[in-house]
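Structural description and commentary
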Amino acid sequence: MEAPSSLSLSLSINGTRHDIALDDPRVTLLDLLRERLGLTGSKKGCDRGQCGACTVLVNGRRVNSCLSLAVSLDGAEITTIEGLAQGDALHPVQAAFIAHDGFQCGFCTPGQIMSAVGLIREGHAGDDPERVREAMSGNLCRCGAYIGITQAVLDAQAKMASEQQGEAA
């Protein structure tokens with residue numbers, strides 16, 4: 001019997017290139033991140049794409065990593081919660097979540113933050129709480145911290161927009 005061949009892929013994860021050999025093409029991005037690379041910030045909640053706890057950014061867009069086959073992402077740029085802060089300086093969304101108590105138990109927080117970052121980058125946040133709630137509806141919080149989450153997204157979006165305007169001037 002012939003030994004199974006492995007598949008190779010290259011990913012940029014949080015700015016670092018990783019060349020990875022996979023023996024199984026069914027490995028999800030979430031399992032690759034958590035089990036092979038030790039990046040455990042993205043959580044395995046439902047494993048069905050319904051809760052958003054596994055949200056990461058793939059080429060700047062929000063993705064449920066539990067539904068994404070790693071092999072299909074060859075050459076992609078992946079950002080996880082571990083890659084947001086710059087040293088000791090928190091990303092503005094991380095800081096806003098702390099300032100607005102946008103978490104309770106913390107299990108969903110990494111996915112919520114990554115979804116918020118993607119939402120703001122996609123230009124969908126605006127200044128309407130209802131719009132933010134709708135755009136974040138794929139990320140569930142069993143503790144019910146939605147008011148703080150919404151306030152954090154709006155605050156971070158406003159601060160980031162203000163910073164961009166200051167840089168452009």
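Residues numbered from 1 in each chain as written. Predicted model: local features only at pLDDT ≥ 70, side-chain atom pairs only at ≥ 80, totals over all residues. Heavy atoms only, no water.

**Notes on the pairing of strand β3 (residues 55–58)**
- Side chains of β3 alternate between two faces, with Thr 55 and Leu 57 and Val 56 and Val 58 buried alike.
- The pairing of β3 with strand β4 (residues 61–64) spans 4 bridges and is classified as antiparallel. Considered in β4, the bridge of Thr 55 is made with Asn 64.
- Connecting the antiparallel pair β3 and β4 is a turn made up of 2 residues, with Asn 59 showing a positive phi of about 50°.
- Where β3 and strand β5 (residues 77–79) come together, 2 bridges link them in antiparallel fashion. Among the inter-strand pairings, Leu 57 is bridged to a residue of β5, identified as Thr 79. (Buried < 20%, exposed > 50% of the residue type's maximum accessible area, 1.4 Å probe, protein only. Helix = DSSP H or I, 4+ residues; strand = E, 2+ residues; numbered from the N terminus. Pairing = 2+ DSSP bridges.)

**A look at the pattern of salt bridges**
- Taken as a whole and assessed by the stated rule, the structure comprises 7 salt bridges.
- Residues Asp 19 and Arg 17 are paired through a salt bridge, measuring 3.0 Å at the closest nitrogen-oxygen approach. Each member of the pair, Asp 19 together with Arg 17, is exposed.
- The residue Lys 44 makes a salt bridge to Asp 31 at a minimum N-O spacing of 2.7 Å. Of this pair, Lys 44 sits in the loop between α1 (29–36) and β3 while Asp 31 sits in helix α1, placing them 13 residues apart in sequence.
- The exposure class assigned to Asp 31 is buried, which follows from its relative accessible area of 18%.
- In this structure, a network of salt bridges that share partners links the residues Asp 31, Lys 44 and Asp 47. (Salt bridge = Lys/Arg side-chain N within 4 Å of Asp/Glu carboxyl O.)

**A short note on the nonpolar core**
- Within the largest apolar cluster, 23 residues are counted, with the highest numbers of intra-cluster contacts made by Val 93, Phe 97, Ile 113, Met 136, Ile 149 and Val 153.
- Those elements that provide at least two residues to this core are α2 (92–99), α3 (109–121) and α5 (146–168).
- Sorting elements by how many residues they give to this core places α3 first, with 6 residues.
- Other than its neighbours up to four places away in sequence, Met 136 contacts Gln 112, Ser 115, Ala 116, Leu 119, Ile 149 and Val 153.
- The next biggest cluster of nonpolar side chains, apart from the first, holds 15 residues, and it includes Leu 22, Leu 29, Val 58 and Leu 73. (Core = buried A, V, L, I, M, F, W, Y, C linked by side-chain atoms within 4.5 Å. Contact = heavy atoms within 4.5 Å.)

**Some points on the packing of α3 against α5**
- In contact at an axis separation of 10 Å, α3 and α5 are set at 40° when each is read in the N-to-C sense. Here α5 runs oblique to α3, going by the angle between their axes. The two elements α3 and α5 meet at a crossing, and its hand is right-handed. Touching Gln 112, Ala 116, Leu 119 and Ile 120 of α3 are Ile 149, Val 153, Ala 156, Gln 157 and Met 160, all from α5. (Axes fitted to C-alpha atoms, helices over the stretch in contact; angles between N-to-C directions. Parallel < 35°, antiparallel > 145°, perpendicular 65-115°, else oblique. Left-handed = near helix turned anticlockwise from the far one by under 90°.)

**Some thoughts on α1**
- Three or more residues of α1 are buried, namely Leu 29, Leu 30, Asp 31, Leu 32 and Leu 33.
- Tucked inside the fold, the buried residues of α1 contact β1 (7–13), β2 (16–22), β3 and β5.
- A positive backbone phi angle near 70° is found at Gly 38, which sits one or two residues after α1.

Geometric descriptors of this kind do not, in isolation, establish any biological role.
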